[in-house]
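# Commentary on secondary and tertiary structure
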Amino acid sequence: MSCCIQSKSRSFATGYSLDNILKIKLYGGEMAKLHFKYGVMGSAKSLDLIRANYNYREKGMDTIVLKPDKDSRDGKDECIIKARVDGVSVKGSFIPSETDKYEEFIKKLRERLKKENISAIFIDEAQFLSKRQVEDMYAIVYELDVPVLCYGLKNNFRSELFEGSKRLLELADDLQEIIGICHCGRKAKQNVRIVNGSIQYTGDEVVMGGVDEKSPIHYIAVCNNCYFKGNIANL
């Protein structure tokens, strides 16, 4: 008895079809994977990226560290991935959001991956990736056999999925939640935006801010119960 599964071929922007990727995953044995490690604000996602990147580099492996240019908290001139926990950082390269610049970027990235022995790609603030950009990274994993490890938020301050996070949840081979703790002691699940001391439930999805409570715009990670009740520490 045989079973045949038919699927409509879908080509990503790279020209690498979903059917081809599925064949590689089903019959190609052990290969690279697309990873998504997500957590709330202040859960040390960037620290985990820096630690993992260090482990690769310490063993003599070459890596590429990237971040969407929508995250400009640490400046627009130089791409810095910084862990707020203890101040450690690593330099990287921006992923352009402008279409023309991105086309050139992804072309050069693919050319570099074909020429150099890159052991892994790390992407910080992956929630800011577009759907297209996530699909390009997915294709890189299975066409060029390079692991891509994405770190970022899952939900925005309205408790809705970011575009990049949604596509990563749909495509990633490996999903891992990096746990954060609410001020009440429960597991944090939501990100609350605080503007001048007031909780915001509406507004633009992307407004730059950190976890520094002295900043006029900052974010606090809370559990679902505290999010629903508006129970925010120190407010």
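Notes on the structure in this doc start here. (Residues numbered from 1 in each chain as written. Predicted model: local features only at pLDDT ≥ 70, side-chain atom pairs only at ≥ 80, totals over all residues. Heavy atoms only, no water.)

All right, on to the overall build of the chain then. Counting its secondary structure elements, the chain contains 6 helices and 11 strands. Taken across its 235 residues, the chain has 44% of its residues classed as buried. In the chain, the share of contacts with a sequence separation of at least 24, taken over all contacts with a separation of at least 6, comes to 75%. Carbon and sulfur atoms make up 48% of the accessible area of the chain, which amounts to about 12,700 Å² in all. (Helix = DSSP H or I, 4+ residues; strand = E, 2+ residues; numbered from the N terminus. Buried < 20%, exposed > 50% of the residue type's maximum accessible area, 1.4 Å probe, protein only. Contact = heavy atoms within 4.5 Å. Areas by Shrake-Rupley, 256 points an atom, 1.4 Å probe, with all protein chains shown as cover.)

Bringing empty space enclosed by the protein into the picture now. A full pass over the atoms with the stated rule returns 1 cavity of 30 Å³ or more. Counted as a void, the largest cavity has a volume near 80 Å³. Lining the largest cavity are Tyr38, Gly39, Val40, Lys154, Asn155, Glu177, Ala188, Lys189 and Asn191. Of the residues contributing to the lining of the largest cavity, the split by class is 3 nonpolar, 3 polar and 3 charged. (1 Å grid on protein atoms, 1.4 Å probe; cavity = no way out; pocket = protein on both sides within 12 Å on 5 of 7 lines; lining within 4 Å. Points joined across faces, edges and corners; volume = space filled by probe spheres on them. Nonpolar A, V, L, I, M, F, W, Y, C, P; charged D, E, K, R; others polar.)

Scanning all chains against the criterion turns up 0 disulfides. Considering cysteine sulfurs only, Cys226 is the nearest to Cys223, which forms no disulfide, with 3.6 Å between them. The buried category is assigned to Cys223, whose relative accessible area is 2%. (Disulfide = S-S within 2.5 Å.)

Within the largest apolar cluster, 30 residues are counted, with the highest numbers of intra-cluster contacts made by Leu34, Leu66, Leu109, Leu113, Ile121, Ile123 and Ile140. Those elements giving two or more residues to this core turn out to be β1 (34-38), β2 (62-68), α3 (99-115), β6 (118-123), α4 (131-144), β7 (148-152) and α5 (163-171). The contacts of Leu109, once residues within four sequence positions are left out, are Ile64, Leu66, Met137 and Ile140. Counting 13 residues, the second-largest nonpolar core is a separate cluster that includes Cys79, Ala120, Phe122 and Tyr151. (Core = buried A, V, L, I, M, F, W, Y, C linked by side-chain atoms within 4.5 Å.)

What follows is about the sheet that holds strand β5 (residues 93-95). With parallel pairing, 6 strands are arranged side by side in an open sheet as β5-β2-β6-β7-β1-β8. In this open sheet, the two edge strands, each paired with only one partner strand, are β5 and β8 (174-177). The average undirected angle you get between the axes of adjacent strands in this sheet is 25°. The pairing of β1 with β7 spans 5 bridges and is parallel. Opposite His35, over in β7, you have Leu149 as the bridge partner. (Pairing = 2+ DSSP bridges. Axes fitted to C-alpha atoms, helices over the stretch in contact; angles between N-to-C directions.)

Next up on the list: the pairing of β2. The buried fraction of β2 is high, at 6 of 7 residues. Relative to β5, β2 is paired through 3 bridges, and the arrangement is parallel. Each residue of the ladder has a partner; that of Lys67, found in β5, is Phe94.

Right, let's get into the packing of α3 against α4. Running from N to C, α3 and α4 cross one another at 15°; their axes reach a closest spacing of 12 Å. Put simply, α3 runs roughly parallel to α4. For the element pair α3 and α4, the recorded crossing hand is right-handed. From α3, Tyr102, Glu103, Ile106, Leu109, Arg110, Leu113 and Lys114 reach across to α4, where they touch Arg132, Gln133, Asp136, Met137, Ile140, Glu143 and Leu144. Grouping the amino acids of the contact of α3 with α4 by side-chain chemistry returns 7 nonpolar, 1 polar and 6 charged. (Parallel < 35°, antiparallel > 145°, perpendicular 65-115°, else oblique. Left-handed = near helix turned anticlockwise from the far one by under 90°.)

Our next topic: unusual backbone geometry. Positioned with a positive phi, Glu125 is a non-glycine residue whose angle comes to about 50°. Take Glu125: it is sitting in the loop between β6 and α4. Not every positive phi belongs to a glycine, and Asp145 is a case in point at roughly 60°. Locating Asp145 in the fold gives a position in the loop between α4 and β7.

By the definition in use, this model includes 5 aromatic pairs. Judged by centre distance (5.6 Å) and plane angle (80°), the rings of Tyr56 and Phe122 are edge-to-face. Placement of the pair is Tyr56 in helix α2 (residues 45-58) and Phe122 in strand β6, with a sequence separation of 66 residues. Its relative accessible area of 23% is what places Tyr56 among the partly exposed residues. Judged by centre distance (5.5 Å) and plane angle (70°), the ring pair of Tyr138 and Tyr142 falls under edge-to-face. (Phe/Tyr/Trp six-rings, centres within 6.5 Å; stacked < 30°, edge-to-face > 60°.)

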